[in-house]
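What follows is each chain in one-letter form.
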Amino acid sequence: MKVDTLLTGGMIVTAQDRFVGALGIRDGRVACLLDSAAGVDAQQVIDVSGKYIIPGAIDAHVHFQDPGSPEREDLEHGTRACAVGGITTAISQPVNNPPVFDVATYRETLAGYEGRSYVDYGLHGGASSGNLDQIELLWTETGAPALKMMMCYSPKSYGMVDDGQLYRIMQILQKHDGLAYIHAENQAIVETLEKQLRAEGRTDPLSYLASRPSWVETEAVRRALILAEQTGCRVILAHVSCADSLEMIGEARGRGVSVFAESCPHFFTFIDEDIVEHGPYLKFSPVMRDEPNLRRLWELLAGGAVQTIGSDHCPYAPEEKTPGLTNIWDAPNGVPGLEVLLPVLLDGVSRGQLSMERLVEVTSLNPAKIYGLYPRKGHLSPGADADLVVVDPSLVKTLDLQDLQTKCPYSPYLGKTFRGWPIMTMVRGVSVAEGGAITGAAGHGRYVSRTN
Ligand code: URP
Ligand code: ZN
Ligand code: ZN
């Protein structure tokens, strides 16, 4: 057999199993998976003995903030961060300026992305109180993997949906087997608590956490689950922070409700009191919870209660965050995270918190299936795109400013040490990052549309 590239000696991991073998790539796709390299005629052979080969991560929760806020992030920097982080497909959130609220904006946003990305990319559509008349077309006339909506303001400029609007959107999407991607927090309660805390003169970081207790999330998740069950709409709950929410979602799934749970690396790294040290740089929503919750999250992740991990990479410019150092209410919500999505989970693997197979399932196979990119993406079987990551499971490294490719010059993860790092990322058989350095080119990344 003839191939372009042959990776030899690595531990190939799928969501089901693992084996030491060789992986051949031809014309950007996986050509073969073999026990040995014998008899294969390869133009290039890469020995990855002692390393893992896993399918590239698909991060469906990336705020490139492009177009609209180049001082925060852009597609070039964001997808460079994806490349070094082992994310081979990034799905852009619609929370841009302009937000992706109609088909024309969807197409214009994609036209603006042409030729600029280092990894493959998709684009979600958006739903808010002002575009209910656009929902059907946004789903049927675009390749959007999901439509994103907020049950609270995040940010205020994007707007939110009330329960009636959420119900209506789900009814429309259900007709087309569409996917509602929901930020679930109770806006009225957040507003009330924030008002009370401000009236008490509170401006410290912990007061922000006090405005968003866990029941602000669990109440909204419960409401979203009821609407999902009543409408039959497919739903994914974004950035779930509470173990209790995951258990409710699991219970609904058990009854056949078509609902999925996404969680994020920051919930597996930080706990509530860390905001005292990091202040506005660790301000996002939903907020971090206590240590017992963090332990339960790892157990639930290992046990299958989390279907996908998304970074929720959402940088703000330093000058937007710094006012929060003196008054936490004055900083916007969002944290960068593309470079650390895999290291956070790989470190969990090294500590026995989850298996590599489970990591592959939540970072690649499940997102590919949920967002309609499977069978082209999400696995390493012959015929699939050769999107893969070579992982060194024993590399121990502390995150440093120079490891960041994002435009964002701060990260709450700086100084954190992880065991297990991506050392090579390939997108459709082409190396886009090696040893933390970019080897790919802007424009290699292609748009991927959902296929269902
Ligand atoms: O605080 C967060 N998560 N900011 C990003 C926007 C969102 O709500 O996902
Ligand atoms: Zn959100
Ligand atoms: Zn987000």
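Residues numbered from 1 in each chain as written. Chains lettered and ligands numbered in written order. Predicted model: local features only at pLDDT ≥ 70, side-chain atom pairs only at ≥ 80, totals over all residues. Heavy atoms only, no water.

The protein chain appears in an unreviewed UniProt entry as Dihydroorotase from Desulfofustis glycolicus DSM 9705. The Cofactor (unreviewed entry) comment attached to the protein chain in UniProt states, word for word, "Zn(2+)". The annotation that UniProt attaches to the protein chain under Sequence similarities (unreviewed entry) is "Belongs to the metallo-dependent hydrolases superfamily. Hydantoinase/dihydropyrimidinase family." (UniProt positions renumbered as here; feature names shortened; annotations may be inferred.)

Student: Give me the lowdown on the domain arrangement of the protein chain, citing residues and values where you can.
Tutor: Each assigned domain of the protein chain is listed with its residue range as follows: domain 1 (2–53 + 384–438) and domain 2 (57–370). Inter-centroid distance (C-alpha atoms) of domain 1 to domain 2 is 27 Å. Taken together, the contact between domain 1 and domain 2 spans 40 residues of the former and 44 residues of the latter. Buried surface at the junction of domain 1 and domain 2, both sides included, amounts to about 3400 Å², of which 68% is carbon and sulfur. Taken as a group, Lys407, Tyr410 and Tyr413 account for 23% of the area that domain 1 buries against domain 2, more than any other trio of residues on that side. For the salt bridge of Arg18 with Glu357, the shortest nitrogen-to-oxygen distance reads 2.8 Å. At the junction of domain 1 and domain 2, the tally comes to 13 residue pairs in polar contact (both at pLDDT 80 or more). With 9 residues, the top contributor of residues to the side of domain 1 that touches domain 2 is strand E16 (residues 417–427). For the side of domain 1 that touches domain 2, the per-class residue count stands at 22 nonpolar, 9 polar and 9 charged. (Domains from an automatic or database assignment. Contact = heavy atoms within 4.5 Å. Buried area = accessible area lost by both parts, 1.4 Å probe. Salt bridge = Lys/Arg side-chain N within 4 Å of Asp/Glu carboxyl O. Polar contact = N/O pair within 3.5 Å; in protein donor to acceptor, adjacent residues only side chain to side chain. Helix = DSSP H or I, 4+ residues; strand = E, 2+ residues; numbered from the N terminus. Nonpolar A, V, L, I, M, F, W, Y, C, P; charged D, E, K, R; others polar.)

Student: Which residues make up the coordination of the zinc ion (ligand 2), and what are the values?
Tutor: Angles between donor atoms at a metal ideally measure 109.5 degrees for a four-coordinate tetrahedral arrangement and either 90 or 180 degrees for a six-coordinate octahedral one. Looking at the zinc ion (ligand 2), one finds its protein donor set to be His183 (ND1) and His239 (NE2), positioned 2.1 Å from the metal centre. Here the zinc ion (ligand 2) is ringed by 4 donor atoms whose angles at the metal span 57 to 150 degrees, and the overall shape comes out irregular. Here the zinc ion (ligand 2) and the zinc ion (ligand 3) are spaced 4.0 Å apart. Of this pair, His183 sits in strand E11 (residues 179–183) while His239 sits in the loop between strand E12 (234–237) and helix H8 (243–254); the two residues are 56 residues apart in sequence, bridging distant segments of the chain. In terms of burial, His183 and His239 fall into one category: buried. (Donors = N, O, S within 2.8 Å, 3.2 Å for Na, K, Ca; no water. Tetrahedral: all angles 85-135°; square planar, octahedral: opposite > 155°, others 65-115°. Buried < 20%, exposed > 50% of the residue type's maximum accessible area, 1.4 Å probe, protein only.)

Student: Summarise the pairing of strand E17 (residues 430–434); cite the residues concerned and give the values.
Tutor: The pairing of E16 with E17 spans 4 bridges and is classified as antiparallel. Note that in E17 the partner of Thr425 across the bridge is Ala433. Remark: 2 residues form the turn of the hairpin made by E16 and E17, two consecutive strands paired antiparallel; Arg428 in that turn has positive phi of roughly 50 degrees. Pairing geometry for E17 and strand E18 (residues 437–438), over 2 bridges, is antiparallel. Its bridge partner being in E18, Ala433 is matched across the sheet by Ile438. Between E17 and E18, which follow one another and run antiparallel, lie 2 residues, and Gly435 among them has a positive phi close to 55 degrees. (Pairing = 2+ DSSP bridges.)

Student: Help me get a handle on the site of ligand 1, residues and values and all.
Tutor: As a structural note, the neighbourhood of ligand 1 is formed by His61, His63, Ser154, His183, His239, Phe284, Ser285, Asp312, Cys314, Asn333 and Gly334. Here an oxygen atom of ligand 1 sits 3.5 Å away from a polar atom, N or O, in the side chain of His239. At 3.1 Å, a backbone N or O of Asn333 approaches a nitrogen atom of ligand 1. Residue classes in the shell around ligand 1 are distributed as 2 nonpolar, 8 polar and 1 charged. (Near = heavy atom within 4 Å.)

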